[in-house]
Amino acid sequence: MRIVLLPGDGIGPEVVEQAVAVLRETAARSSRKIDFDEHAFGGAALDAEGVPFPPATREACLAADAVLLGAVGLPKYDKNPPALKPETGLLGLRKALEAFANLRPAVVHKPLVSASTLKAEVVEGTDILIIRELTGGIYFGTPRGFETDEQGRESAVNTMRYRVDEIERVTRVAFDCAMGRRKSVVSVDKANVLETSQLWRKTVEQVARDYPEVNLDHMYVDNCSMQLIAQPRRFDVVLTENLFGDILSDEAAMLTGSIGMLPSASIGNRVGIFEPVHGTAPDIAGKDIANPLATIASAAMLLRHAFGWEEEAQRVELAIASVLEAGFRTADIFRGDGKLVGTRAMGEAVLSAMRPGS
Ligand code: IPM
Ligand code: MN
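Engineer: It is not clear to me how the site of ligand 1 should be interpreted in this structure. Could you clarify?
Structural biologist: Looking at ligand 1, the residues that line it are Glu-87, Leu-90, Arg-94, Arg-104, Arg-132, Tyr-139 and Asp-246. Side-chain polar atom of Arg-94 to an oxygen atom of ligand 1: 2.7 Å apart, as the coordinates give it. In isolation ligand 1 has 320 Å² of accessible area, and contact with the protein removes 78% of it. At 3 residues, helix α4 (residues 86-96) tops the list of elements feeding residues into the shell around ligand 1. Of the residues contributing to the shell around ligand 1, the split by class is 2 nonpolar, no polar and 5 charged. Domain assignment of the residues forming the shell around ligand 1 places at least three in each of domain 1 (1-100 + 259-358) and domain 2 (117-256).

Printed below as a string of structure tokens:
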């Protein structure tokens, strides 16, 4: 199995390094082979090659079995023209691999119940899978751009557009996931205002007919943002379009205590992308304090979804659970008790929890 590594910017390289160590341990323990192939991406690629998603990186990703990504973007690129922003590289990667279904599980680990800013009795037992449509909607719709009219007035435009088949395919992923979970899907839209949402709702209802065992509810996105923090346990699978999913998944992260805990898998076609939900955190980059668990958990999702190594995926997830149980905490989830550790020490703790006799 071949994994392309795209460490990217900020804390990306540090957290990817820890996830790679976990993947190497997994391969060694199961006497299977994983090859790693690192490529330039994001700001790192801009600096080295002048573009955020170089052709060689693209070719390597298309030929790989999976892509493990750190994070991209730094303030110094914020004023770049759109084509030369690290984020544009990320959108290009998602599009190139047609990774249309973005799975973002928000699971509250028992030992971290008190790490959330919300009350323990609210977050306890939360286990949500957000499924965000990732290659359509306002992120990609055209026309887009800046305009100036005859009177010299500036404006900007973005377009939210969805085709029925784009909605159908991500809806199937959501319902398939729900069948393996608590058989409940909440589809989130803004159908009281947006035509794209009305089409979304109609299409989701049609697909739902193929899944009579799954309970489907619709919720407006404003209400959903409220319900997520009011009663998070009521959600199982949350299905939504690209922009709503971007926002709601950050919100859901705070249920778990820190965005440093949230992994993701972007799947749908032959090659999936596995990356933490968090960004590059430039303020803490290079200081060995970032939480590597989101990336390590993304590596577990890679083992499951890209390789079909379910047992190995669970071994990694169990190791994460056990280090949290043992009290290891990076700064983002440290609330005064437990053992405050850095990025490397957290990675080491996961590795030793994976070893026999631990
Ligand atoms: C995410 C990020 C990206 C997104 C950015 C970096 C383009 O926020 O993966 O959630 O908006 O999709
Ligand atoms: Mn985001």
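There's more to say after this.
Engineer: Can you walk me through the pairing of strand β1 (residues 2-8) in this structure?
Structural biologist: Side chains on a regular strand alternate between the two faces of the sheet. Within β1, 6 of the 7 residues are buried, leaving the element largely enclosed by the surrounding structure. Sheet topology places β1 next to strand β2 (residues 35-38); 4 bridges connect them, and they run parallel. Residue pairing across strands places Leu-5 opposite Glu-38, the latter belonging to β2. On the question of chirality, the crossover connecting β1 to the parallel β2 by way of helix α1 (residues 12-30) is right-handed. As paired elements, β1 and strand β3 (residues 66-71) share 5 bridges and run parallel to each other. Pairing of Ile-3 across the sheet is with Ala-66, part of β3.

Engineer: I tried to follow the environment of Leu-103 on my own but got confused; where do I start?
Structural biologist: With respect to the helices, strands and loops of the structure, Leu-103 is situated in strand β4 (residues 101-107). Assessed through its relative accessible area of 2%, Leu-103 is described here as buried. Between the alpha carbons of Leu-103 and Glu-133 there is a distance of 9.0 Å; along the sequence they are 30 residues apart. Apart from residues lying up to four places away in sequence, Leu-103 is in contact with Leu-129, Ile-130, Ile-131, Val-173, Cys-177, Pro-263, Ser-264, Ala-265, Ile-267, Met-301 and His-305.

Engineer: In this structure, what is going on with the pattern of salt bridges? I would like to understand it.
Structural biologist: Side chains that carry opposite charge are capable of pairing whenever their charged atoms lie near each other. Within the structure shown, the criterion is met by 21 salt bridges. Residues Asp-37 and Arg-2 are paired through a salt bridge, measuring 3.8 Å at the closest nitrogen-oxygen approach. Taken together, the positions of Asp-37 in strand β2 and Arg-2 in strand β1 put the pair 35 residues apart, joining distant regions of the chain. Taking relative accessible area as the criterion, Asp-37 reaches 23% and is therefore assigned partly exposed.

Engineer: Is there a simple way to think about the packing of aromatic side chains in this case?
Structural biologist: For any pair of aromatic rings, the description rests on two quantities: the centre-to-centre distance and the angle between the ring planes. The tally for this structure, following the rule as stated, stands at 4 aromatic pairs. Taken together, a centroid distance of 5.6 Å and an interplanar angle of 85° make the contact between Phe-41 and Phe-53 edge-to-face. In this pair, Phe-41 is assigned in the loop between β2 and α2 (43-49) and Phe-53 in the loop between α2 and α3 (55-63), connecting sequence segments 12 residues apart. Take Phe-41: its relative accessible area is 0%, and that puts it in the buried class. Relative accessible area serves as the criterion here: at 13%, Phe-53 is assigned to the buried category. The cationic tip of Arg-132 hangs over the ring face of Tyr-139; the distance from NZ or CZ to the ring centre is 5.2 Å. We note Arg-234 situated over the ring of Phe-235; from NZ or CZ to the ring centre the distance is 5.6 Å.

Engineer: For this particular structure, what's the right way to read the nonpolar core?
Structural biologist: Inside soluble globular proteins, nonpolar side chains tend to come together where they are buried. In this structure, Leu-68, Leu-103 and Ile-131 are the most contacted members of the largest nonpolar core, which totals 62 residues. Examining the composition of this core, we find that 8 residues originate from one element, helix α10 (residues 293-305), more than from any other. When residues of this core are assigned to domains, at least three fall in each of domain 1 (1-100 + 259-358) and domain 2 (117-256). Sequence-distant contacts of Leu-68, defined by excluding residues within four places in its chain, comprise Ile-3, Val-4, Leu-5, Leu-6, Val-16, Ala-19, Val-20, Leu-23, Phe-274, Ala-299 and Leu-302. If you look at the next biggest cluster of nonpolar residues, it comprises 21 residues, including Ile-128, Val-186, Leu-248 and Val-277.

Engineer: When you look at the sheet that holds β3 in this model, what are you seeing that I'm missing?
Structural biologist: Strand pairing in a sheet is mediated by backbone hydrogen bonds. Such pairs are either parallel or antiparallel. Within the open sheet, the 10 strands sit side by side as β2-β1-β3-β12-β11-β4-β5-β10-β8-β9. Their pairing is mixed. Only two strands of the sheet have a single partner each, and these edge strands are β2 and β9 (215-220). When strand polarity is set aside, the average angle formed by the axes of neighbouring strands in this sheet is 25°. As judged from the 3 bridges shared by β3 and strand β12 (residues 272-274), these two strands associate in the parallel manner. Bridge pairing in β12 links Val-67 to Ile-273. Sheet strands touched by helix α8 (residues 221-230): β5 (127-133), β8 (184-189) and β9. Its angle to β9, the strand with the most contacts, is close to 105°.

Engineer: Would you mind showing me how to read unusual backbone geometry here?
Structural biologist: Glycine aside, negative phi is the norm for most residues, and most peptide bonds take the trans geometry. With omega at 5°, the peptide bond leading from Thr-142 into Pro-143 counts as cis. Assignment of secondary structure puts Pro-143 in the loop between β5 and β6 (145-148). Unlike most non-glycine residues, Glu-98 shows phi in positive territory, near 45°. With respect to the helices and strands, the residue Glu-98 is situated in the loop between α4 and β4. Since its relative accessible area comes to 25%, Glu-98 is described here as partly exposed. Its identity is not glycine, yet Asp-288 carries a phi of approximately 60°, on the positive side. Within the secondary structure, Asp-288 sits in the loop between β12 and α10. Of the residues examined, Asp-288 reaches a relative accessible area of 25% and is grouped as partly exposed.

How each quantity is defined
- Just so you know, the residues in each chain are numbered from 1, in the order the chain's sequence is written.
- Naming scheme: in the order in which they are written, chains are lettered from A and ligands are numbered from 1.
- Reporting of local features is limited, given that this is a predicted model, to residues whose pLDDT is at least 70; pairs of side-chain atoms are given and counted only at 80 or more, and all residues count toward the totals for whole chains, interfaces and linings.
- Only hydrogens and water are set aside; all other atoms, that is, all heavy atoms of the structure, feed into the side-chain values.
- The criterion for a residue being near a molecule or strand is simple. One of its heavy atoms has to lie within 4 Å of it.
- Distance and chemistry together define a polar contact, namely a pair of N or O atoms within 3.5 Å, with one atom able to donate a hydrogen and the other to accept it when in protein, and with adjacent residues in sequence counting only for side-chain atoms on both sides.
- Using a 1.4 Å probe, the Shrake-Rupley method yields the accessible areas, and only the shown protein chains count as cover for residues.
- We count a stretch as a helix when DSSP gives it H or I for four or more residues in a row; a strand needs E for two or more, and each element gets its number in order from the N terminus.
- Asp, Glu, Lys and Arg are counted as charged, while Ala, Val, Leu, Ile, Met, Phe, Trp, Tyr, Cys and Pro are counted as nonpolar; the rest, among them Gly, fall into the polar class.
- An automatic or database domain assignment supplies the start and end points of every domain.
- The buried label goes to any residue with under 20% of its type's maximum accessible area, the exposed label to any with over 50%, and the partly exposed label to all in between, with areas taken from a 1.4 Å probe on protein chains only.
- Two strands are counted as paired when DSSP detects at least two bridges linking them.
- When the strands point away from the viewer, a crossover counts as right-handed if the path from the first strand over the helix to the second runs clockwise.
- What makes two residues a contact is simply this: any of their non-hydrogen atoms within 4.5 Å.
- Between Lys or Arg on one side and Asp or Glu on the other, a salt bridge is scored when a side-chain nitrogen of the former is within 4 Å of a carboxyl oxygen of the latter.
- Here is the rule: rings of Phe, Tyr and Trp (six-membered ring for Trp) pair when centre to centre is within 6.5 Å. Planes less than 30 degrees apart are stacked, more than 60 are edge-to-face, and the remainder are tilted.
- Should the NZ of a Lys or the CZ of an Arg lie within 6 Å of a ring centre and within 35 degrees of the ring normal, that charge is described as sitting over the ring.
- Remark: nonpolar core denotes a set of buried residues (Ala, Val, Leu, Ile, Met, Phe, Trp, Tyr, Cys) joined through side-chain atoms within 4.5 Å.
- A fitted line through C-alpha atoms represents every axis, and for helices the fit uses only the stretch in contact; the resulting angles, taken between N-to-C directions, go from 0 to 180 degrees.

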